[in-house]
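These are the residues of each chain, in order.
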Amino acid sequence: MKNKNEAKKQQVEKREQAMIEGILEGSPDGIGVVVIRLDCGCRKMAAVSKDGEPASEIIMYRDMAQSICAKCKEDNGAYMRVKESFIHWVEPAPSEEKQKEIKLKVLGSETAH
C-alpha cells in the first residue's frame, strides 16, 4: 500500500512540475513559482520576480479535475486552509539571503524560519 501512495505522490508532483514549467514559460521575469497547497487538494500557483512581486496571474487548479472545488470557488483558497507553501526556484537559484527575503515578502513570516 505504501508503494501505491508513493506512486500517487510522485504523479501529483509530476503534474505540479508541468504546471510550474508552463507558468515559467509564460513569465519571462519569473525566478520562481510560489506553490500553495490547500487542505482540499486544490493548488494556487504564481510566478514571482526577483523583487518578490507577482510575475504572472495566480493560477488555481485541482489535479485530475475540470475545475477547483466548491470550497475554493467560495473562498478563493483561503489562507486558513493552506496546508503547505513553498517557492520552486529556477536554477541558478537566488542566494539564500535573497530567497529568505522573497519568501518573507510573498508567504509571510510563518514560512521564513
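Residues numbered from 1 in each chain as written. Predicted model: local features only at pLDDT ≥ 70, side-chain atom pairs only at ≥ 80, totals over all residues. Heavy atoms only, no water.

Looking now at the nonpolar core. Counting residues in hydrophobic clusters, the biggest one holds 13 residues, and the most contacted among them are V34, L38, C40, C42, C72 and I87. Contributions of two or more residues to this core are made by β1 (32-38), β2 (42-48), β4 (82-89) and α3 (96-107). Of the residues forming this core, the biggest block, 3 residues, is contributed by β1. The contact partners of C40, leaving out residues within four places of it in the chain, are R62, C69, C72 and R81. Among the nonpolar cores identified, the runner-up in size contains 7 residues, and V33, V35, A47 and Y61 belong to it. (Core = buried A, V, L, I, M, F, W, Y, C linked by side-chain atoms within 4.5 Å. Buried < 20%, exposed > 50% of the residue type's maximum accessible area, 1.4 Å probe, protein only. Helix = DSSP H or I, 4+ residues; strand = E, 2+ residues; numbered from the N terminus. Contact = heavy atoms within 4.5 Å.)

This part covers the pairing of β1. A large share of β1 lies buried, amounting to 7 of its 7 residues. Side-chain alternation along β1 places G32, V34, I36 and L38 on one buried face and V33, V35 and R37 on a second face that is also buried. Sheet topology places β1 next to β2; 6 bridges connect them, and they run antiparallel. Opposite V34, over in β2, you have A46 as the bridge partner. Where β1 folds back on β2, the antiparallel hairpin that results is connected by 3 residues, among which G41 adopts a positive phi of roughly 100°. (Pairing = 2+ DSSP bridges.)

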